[in-house]
Every structure is written in structure tokens, then in C-alpha cells.
Amino acid sequence: MPVAYAPKSMRTKPLPAGMPREWYIEHNRMRKAMRIAIALLDSGVYTPRQARNEVIRRVAERIGVHPPSTTTCRLVRSLLPAV
């Protein structure tokens, strides 16, 4: 299986201050889901049906991301194109 894309460096800007805690949690969950979705696409998983929780967690481990929760797995599937 091909190795998922790993960016050389990611420049990040600090998140805006003063937002509610839930906003930061959702923002970070979305970033994590996008990284996993891109890695899934790179590894040949193209539809939500192919992306079971086990597959998503295995890809997350391969790219060095903490194991995603069930909510994050659901979000990853929603980012994949429904064909």
C-alpha cells in the first residue's frame, strides 16, 4: 500500500483568542478529519462505504495522528465523495 502524503512542514497561525472551547474542539476535529480524508484518498479509499472506522484508524496511525473518535470517523466519511 502506498505511503500517505506527509507535508514537509506546516505553517500554522495561532487560532483566534476568545472563542468558546467548543469552537476550538470542532476546529481541531475538522483539521484532523481533513488530514485523514486526504490520506484515505491517497491510499485508494474513495467512498464512505470503503472507509470503515478500522480503516480510518489504521490510516490515522500510519500518518501519525492520534486515533480518531467515532465522531471524527463520521466526519471523515462525510468529507469523502458519495459516489
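Just so you know, these numbers come straight off a predicted model, no measurement behind them.

1. Observations concerning the overall build of the chain
The secondary structure content of the chain amounts to 3 helices and 0 strands. Ordering the α and β elements of the chain from the N terminus gives α-α-α. Relative to its full complement of 83 residues, the chain shows a buried share of 28%. Put simply, of all contacts in the chain between residues at least 6 apart along the chain, 61% involve residues at least 24 apart. On the chain, roughly 6200 Å² of surface is accessible, and the fraction owed to carbon and sulfur atoms is 57%.

2. Overview of helix α1 (residues 21–42)
With 22 residues, α1 should reach 32 Å at 1.5 Å per residue; the first-to-last C-alpha distance of 32 Å fits that figure. Along α1, the residues classified as buried are A33, I36, A37, A39 and L40. Taken end-on, α1 shows its buried residues confined to a sector of 160°, consistent with a single buried face. Considering only its buried residues, α1 is in contact with α2 (53–63) and α3 (70–79). Directly beyond the C-terminal end of α1, a positive phi value near 100° is found at G44.

3. Topic: the packing of α1 against α3
At a minimum axis distance of 9 Å, the contact between α1 and α3 shows a crossing angle of 55°. Taken together, α1 and α3 sit at an angle that is classed as oblique. Handedness of the crossing formed by α1 with α3: right-handed. Contacts between α1 and α3 involve E26, R29, M30, K32, A33, M34, I36, A37 and L40 from the first element and T71, T72, L75, V76 and L79 from the second.

4. With respect to the nonpolar core
Grouped together as the largest cluster of nonpolar side chains are 17 residues, with contacts concentrated most on I36, L40, A51, I56 and V76. With near-sequence residues (within four places) excluded, I36 lies in contact with I56, V59, A60, I63, V65, P68 and V76.

5. Observations concerning the packing of α1 against α2
Contact geometry of α1 with α2 gives a least axis separation of 9 Å together with a crossing angle of 100°. In terms of axis orientation, α1 runs roughly perpendicular to α2. Contacts between α1 and α2 involve R35, I36, A39 and L40 from the first element and V55, I56, V59, A60 and I63 from the second. Classifying every residue of the contact of α1 with α2 gives 8 nonpolar, no polar and 1 charged.

Rules of the game
- Residues numbered from 1 in each chain as written.
- Predicted model: local features only at pLDDT ≥ 70, side-chain atom pairs only at ≥ 80, totals over all residues.
- Heavy atoms only, no water.
- Helix = DSSP H or I, 4+ residues; strand = E, 2+ residues; numbered from the N terminus.
- Buried < 20%, exposed > 50% of the residue type's maximum accessible area, 1.4 Å probe, protein only.
- Contact = heavy atoms within 4.5 Å.
- Areas by Shrake-Rupley, 256 points an atom, 1.4 Å probe, with all protein chains shown as cover.
- Expected span 1.5 Å × (residues − 1).
- Arc of directions from axis to C-beta.
- Axes fitted to C-alpha atoms, helices over the stretch in contact; angles between N-to-C directions.
- Parallel < 35°, antiparallel > 145°, perpendicular 65-115°, else oblique.
- Left-handed = near helix turned anticlockwise from the far one by under 90°.
- Core = buried A, V, L, I, M, F, W, Y, C linked by side-chain atoms within 4.5 Å.
- Nonpolar A, V, L, I, M, F, W, Y, C, P; charged D, E, K, R; others polar.

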